[in-house]
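So the chains spell out like this:
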Amino acid sequence: MKNKYSLFSLIKNAFSQHENWQQAWGNPEPKKEYDAIIVGGGGHGLATAYYLAKKHNLKNIAVLEKGWIGGGNTGRNTTIIRSNYLWDASAGLYDHALKLWENLSQELNYNVMFSQRGVMNLAHNLQDVRDLKRRTHANRLNGIDAVWLNTEEVKKFCPIINTSPHIRYPVLGGTLQRRAGTARHDAVAWGYARGASDMGVDIIQNCEVKGIKRNRDRVEGLETTKGFIKTNKIGVVAAGHSSVIANMAGLKLPLESKPLQALVSEPVKPIIDTVVMSNAVHAYVSQSDKGELVIGAGTDSYVSYTQRGSHNIVEETLKAILELYPIFSRMKMLRQWGGIVDICPDASPIISKTNIKGLYFNCGWGTGGFKATPGSGDLFAHTIANDEPHKLNAAFNLNRFVSGDLVDEHGAAAVAH
Amino acid sequence: MFLINCPFCGERDQSEFSSGGEAHIVRPKQPTELSDDEWAEYLFMRKNIKGIQFERWNHVHGCRKWFNVVRDTSNDKILSVYKMGEKPPVNYK
């Protein structure tokens with residue numbers, strides 16, 4: 001790394017009032033041709049470019065971003081990281097990502113503030129209890145840490161939860177993954193951008209893809225707002241806009257794009273030192289290092305690209321939050337926003353080749369893509385470089401919607417859809 | 001968040017309705033004849049348009065009737081509402 005961040009560099013820059021820090025990544029104009037182009041400069045896209053350059057020795061790579069890097073869902077999620085998914089395929093995928101998270105700050109020489117504060121999933125009815133216990137067993141068989149907590153243990157682990165048996169949806173227990181936690185979402189995009197840029201990847205912001213040039217069954221390049229760029233490998237990581245890009249190539253994807261909302265409160269002193277999720281009443285909460293409560297709400301039921309979301313969704317989430325945490329009743333919410341999430345019918349992602357040669361899609365992460373960022377980038381880079389999926393993402397191909405071999409993760413996906 | 005003009009009840013809040021997704025997906029006439037690709041197309045593949053989309057809605061907390069809506073998904077503006085079985089308006093593409 002050209003300019004390594006260290007205690008020494010911090011002291012050195014202190015002498016110049018921190019005014020001479022080098023740029024973390026470059027701002028180049030696009031070249032005429034690249035060996036591979038990644039469409040979408042979010043966490044997953046930048047991670048893909050990073051691993052392509054690092055592990056697969058491709059140097060002539062560009063990342064095209066229509067806005068600014070990390071300005072889409074990477075900067076809009078609730079930063080939860082966990083791997084307690086039910087099926088073997090998902091466990092392999094998400095735990096691969098979790099293992100990469102554990103060493104990511106060192107790997108990138110960039111503090112992504114990964115904090116393994118644990119994620120607790122609550123059960124509110126007998127079916128929840130059965131489902132979550134089953135998931136705990138499935139996790140442990142796959143080598144993922146998971147424990148079942150009864151109501152008293154839930155209360156002990158997170159004392160501010162209202163465990164009274166008299167509330168509408170009483171807490172009957174929960175699962176806990178201690179290795180799970182949160183990270184600083186912007187830092188993930190910035191860290192990967194810096195790492196990729198350092199290895200010669202061109203990160204081109206404010207450059208929107210307008211069309212895909214095809215020669216029969218293979219890609220030849222991209223029409224963009226900065227002109228035509230030639231390439232024979234295109235990796236699309238466009239989240240909510242995946243279908244829009246797919247339509248340019250005459251493809252249809254099994255996706256629906258919907259607004260998913262989140263909100264943060266005013267900052268307060270530390271009150272909740274873990275992440276608590278409740279799928280049944282649809283409320284999840286954690287506290288950022290700044291002190292804000294970070295609250296995740298649900299998706300709207302209809303397709304929309306507005307990045308807003310409906311008020312009634314937020315209202316329902318806050319009702320649930322207030323019943324579970326009466327202590328928050330006088331908190332003021334500061335900001336609310338929406339991100340467009342691309343939802344797959346089986347609530348699992350697609351990391352896949354297509355029937356057009358040189359065109360690859362990494363999409364369908366729906367409501368829970370942030371946690372997978374490093375793993376998704378690593379496996380997508382493998383798929384693009386070798387024109388073959390890695391064994392960890394082989395199950396997440398596009399063809400599963402034809403063969404019927406779906407990976408149904410509706411139970412483990414945090415947001416019911 | 002927007003208002004939907006139910007053809008039976010009039011203008012109501014969107015939260016009274018449930019979205020039925022893309023409209024005019026024709027149910028296969030002879031399901032036994034369908035290939036796996038055709039099943040995938042019918043069951044899973046969606047246009048997911050950013051722009052003008054034809055979709056089905058159900059007034060689930062009202063008259064409980066289904067109808068069609070033409071909506072711009074980039075700004076949630078509703079352009080037209082028409083009943084089930086009626087031909088979609090031709091002035092939107």
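Whatever comes next refers back to the structure up there.
From a predicted model like this one, the values you see are computed outputs, not experimental measurements.

**Student:** Explain the overall build of chain A to me, please; I cannot follow it from the model alone.
**Tutor:** Summing up its helical and strand segments, chain A has eleven helices and 19 strands in all. Whereas a compact globule of 417 residues would reach a radius of gyration of roughly 22 Å, chain A reaches 21 Å, a difference of no more than 12%. Along the longest, intermediate and shortest principal axes, the C-alpha atoms of chain A span 65 × 65 × 40 Å. Buried residues in chain A amount to 59% of all 417 residues.

**Student:** Where do I start with the overall build of chain B in this structure?
**Tutor:** Check the secondary structure of chain B and you find one helix and six strands. A principal-axis box enclosing the C-alpha atoms of chain B has dimensions of 40 × 25 × 25 Å. Looking at chain B as a whole, 37% of its 93 residues are labelled buried. Partitioning the contacts of chain B with sequence separation of at least 6, the portion at a separation of at least 24 is 45%. Accessible surface for chain B amounts to roughly 5,700 Å². Of this, 49% is attributable to carbon and sulfur atoms. When the 14 positive and 13 negative side-chain charges of chain B are each reduced to one mean point, those points stand 6 Å apart.

**Student:** Mind showing me how you'd approach the sheet that holds strand β16 (residues 292–299) of chain A here?
**Tutor:** Strand pairing within a sheet occurs via backbone hydrogen bonds; the two strands may be parallel or antiparallel. All names here are of chain A. Read from one edge to the other, the open sheet built from eight strands follows the order β5-β6-β4-β14-β15-β16-β13-β17, with strand pairing classed as mixed. With one partner strand each, in any of the chains shown, β5 (147–149) and β17 (333–343) form the two edges of the open sheet. Along the sheet, successive strands turn relative to each other by an average axial angle of 20°, direction set aside. Inspection of the sheet shows strand β13 (residues 256–267) paired to β16 by five bridges, in the antiparallel sense.

**Student:** Help me understand the packing of helix α2 (residues 43–55) of chain A against helix α7 (residues 185–198) of chain A, please; the structure alone is not making it clear to me.
**Tutor:** When two helices pack together, their arrangement is given by the angle between the helix axes and the distance between those axes. Residue and element names in this part refer to chain A. One can describe the packing of α2 onto α7 by two numbers: an axis separation of 9 Å at closest approach and a directional angle of 30°. Viewed along their axes, α2 and α7 adopt a mutual orientation that is roughly parallel. Two packed elements cross with a definite hand, and for α2 against α7 that hand is left-handed. Counting all contacts with α2, which are made through Gly-43, Leu-46, Ala-47, Tyr-50 and Tyr-51, the residues of α7 involved are Ala-189, Tyr-192, Ala-193, Gly-195 and Ala-196.

**Student:** Is there a simple way to think about the environment of Val69(B) in this case?
**Tutor:** Residues and elements named next belong to chain B. In this fold, Val-69 is placed in strand β5 (residues 66–72). Among the residues examined, Val-69 registers a relative accessible area of 0% and is labelled buried. Spatially, the C-alpha atom of Val-69 lies 9.4 Å from that of Cys-6, the residues being 63 residues apart in sequence. If sequence neighbours within four positions are ignored, Val-69 has contacts with Ile-4, Gln-53, Phe-54, Glu-55, Trp-57, Ile-78, Ser-80, Val-81 and Tyr-82.

**Student:** Which parts of the structure should I look at to understand the packing of aromatic side chains?
**Tutor:** Two aromatic rings are characterised by how far apart their centres lie and by the angle between their planes. Residue and element names in this part refer to chain A. This structure, assessed with the given rule, holds 16 aromatic pairs over all chains. Between the aromatic rings of Tyr-5 and Trp-21, the centroid separation amounts to 5.7 Å while the plane-to-plane angle is 85°, which identifies the pairing as edge-to-face. With Tyr-5 in the segment before α1 (7–14) and Trp-21 in the loop between α1 and β1 (36–39), the pair connects residues that are 16 residues apart, well separated along the chain. The class of Trp-21 is partly exposed, set by a relative accessible area of 30%.

**Student:** I'm lost on the interface of chain B and chain A in this one. Help?
**Tutor:** The accessible area lost on association of the parts is a frequent measure of interface size. On the chain A side, the residues contacting the 24 residues of chain B number 26 residues. Carbon and sulfur atoms make up 53% of the surface buried where chain B meets chain A, a total of about 2,100 Å² over both sides. When the buried surface of chain B facing chain A is broken down by residue, Phe44(B), Asn48(B) and Lys50(B) rank first, second and third, together holding 30% of it. At the boundary of chain B and chain A, one finds one salt bridge. In this structure, the salt-bridge partner of Glu41(B) is Lys252(A), at a minimum N-O distance of 2.7 Å. At the boundary of chain B and chain A, one finds eleven residue pairs in polar contact (both at pLDDT 80 or more). The biggest single contributor to the side of chain B that touches chain A is helix α1 (residues 36–43) of chain B, with four residues. Looking at the side of chain B that touches chain A, its residues break down into seven nonpolar, nine polar and eight charged.

**Student:** Would you mind showing me how to read the pairing of strand β6 (residues 77–83) of chain B here?
**Tutor:** For a regular strand, side chains alternate in direction, first toward one face of the sheet and then toward the other. All names here are of chain B. By the bridge criterion, six bridges tie β5 to β6 in an arrangement that is antiparallel. Note that in β6 the partner of Asp-72 across the bridge is Lys-77. Adjacent in sequence and paired antiparallel, β5 and β6 are bridged by four residues, among which Asp-76 carries a positive phi angle near 65°.

**Student:** What is the right way to look at the pairing of strand β2 (residues 10–13) of chain B in this model?
**Tutor:** Residues and elements named next belong to chain B. As paired strands, strand β1 (residues 3–6) and β2 are joined by four bridges and run antiparallel to one another. Paired with Cys-6 across the strands is Gly-10, a residue of β2. The antiparallel hairpin formed by β1 and β2 contains three residues in its connecting segment.

**Student:** It is not clear to me how the packing of helix α3 (residues 88–102) of chain A against helix α10 (residues 373–386) of chain A should be interpreted in this structure. Could you clarify?
**Tutor:** Residue and element names in this part refer to chain A. Their axes nearest at 7 Å, the elements α3 and α10 cross at an angle of 110°. Overall, the two elements α3 and α10 adopt an arrangement that is roughly perpendicular. For the pair α3 and α10, contact is made by Leu-93, His-96, Ala-97, Leu-100 and Trp-101 and by Thr-373, Pro-374, Gly-375, Asp-378 and Leu-379, respectively. A per-class count over the contact of α3 with α10 returns six nonpolar, three polar and one charged.

**Student:** I keep staring at the nonpolar core and nothing clicks. Help me out?
**Tutor:** Soluble globular proteins tend to pack their nonpolar side chains together in the buried interior. Residues and elements named next belong to chain A. One finds Trp-101 and Tyr-192 to be the most contacted residues of the largest nonpolar core, which totals 47 residues. When contributions to this core are tallied by element, the ones reaching two or more residues are β1, α2, β2 (61–64), α3, α4 (104–108), α7 and α10. Considering every element that reaches this core, the biggest residue donor is α2, with seven residues. Aside from chain neighbours lying at most four places away, what touches Trp-101 is Ile-81, Val-112, Phe-114, Ala-183, Val-188, Phe-370, Lys-371, Thr-373 and Pro-374. Of all hydrophobic cores here, the second largest spans 31 residues; its members include Ala-238, Leu-251, Leu-255 and Ile-356.

**Student:** It is not clear to me how the side chain of His124(A) should be interpreted in this structure. Could you clarify?
**Tutor:** All names here are of chain A. By secondary structure assignment, the location of His-124 is in the loop between β4 (119–123) and α5 (126–141). Residue classification places His-124 among the buried positions, given a relative accessible area of 4%. Not counting residues up to four positions away in its chain, the partners in contact with His-124 are Tyr-169, Pro-170, Val-171, Leu-172, Ser-278, Ala-280, Val-281 and Leu-324.

Reading the values: the criteria
For every chain, the first residue of the written sequence is number 1, and numbering continues from 1 along that sequence. Lettering for chains starts from A, numbering for ligands starts from 1, and both go in the order in which the items are written. Reporting in this predicted model follows two pLDDT cut-offs: at least 70 for local features of residues, and 80 or more for side-chain atom pairs to be given and counted; totals over whole chains, interfaces and linings ignore these cut-offs and use all residues. The basis for every side-chain value is the complete set of non-hydrogen atoms in the structure, without hydrogens or water. The way it works is that DSSP assigns letters per residue, a run of H or I at least four long becomes a helix, a run of E at least two long becomes a strand, and they are numbered from the N terminus. All radius of gyration figures rest on C-alpha atoms, and the globule criterion is 2.2 Å times the number of residues raised to 0.38. A simple rule labels every residue: compare its accessible area, found with a 1.4 Å probe on the protein chains alone, to the largest value its type can have, and call it buried under 20%, exposed over 50%, or partly exposed in between. Contact definition: two residues touch when any of their heavy atoms are within 4.5 Å. Each accessible area value is a Shrake-Rupley result obtained with a 1.4 Å probe; residue values ignore everything except the protein chains displayed when judging cover. Neither His nor the chain ends contribute to the count of charged residues, in which Lys and Arg are positive and Asp and Glu negative. A single reference atom marks each charge: NZ on Lys, CZ on Arg, CG on Asp, CD on Glu. The pairing criterion is simple: DSSP has to find at least two bridges between the two strands. Axis lines are fitted to C-alpha atoms, over the contacting stretch for helices. Their N-to-C directions set the angle, which ranges from 0 to 180 degrees. Each angle receives one of four descriptions, namely roughly parallel if under 35 degrees, roughly antiparallel if over 145, roughly perpendicular if within 65 to 115, and oblique otherwise. Left-handed is the label given to a crossing in which the near helix is rotated counterclockwise from the far helix by less than a right angle, and right-handed is the label when the rotation is clockwise. Only rings of Phe, Tyr and Trp enter the pairing, Trp through its six-membered ring, and a pair is recorded when the two centres are within 6.5 Å. The plane angle decides the type: under 30 degrees is stacked, over 60 is edge-to-face, the rest tilted. By definition, the buried area sums, over both parts, the 1.4 Å-probe accessible area that each loses when the two are put together. Take a side-chain nitrogen of Lys or Arg and a carboxyl oxygen of Asp or Glu: if they are within 4 Å of each other, that pair is a salt bridge. In protein, a polar contact means a hydrogen-donor-capable atom and an acceptor-capable atom, both N or O and within 3.5 Å, with residues adjacent in sequence counting only if both atoms are side-chain atoms; elsewhere, any N or O pair within 3.5 Å suffices. Side-chain classes are defined by residue name, with Ala, Val, Leu, Ile, Met, Phe, Trp, Tyr, Cys and Pro counting as nonpolar, Asp, Glu, Lys and Arg as charged, and the others, Gly among them, as polar. The set of buried Ala, Val, Leu, Ile, Met, Phe, Trp, Tyr and Cys residues whose side-chain atoms join them within 4.5 Å is what this entry labels a nonpolar core.

Everything listed here is a matter of coordinates, which is why it stays silent on function.
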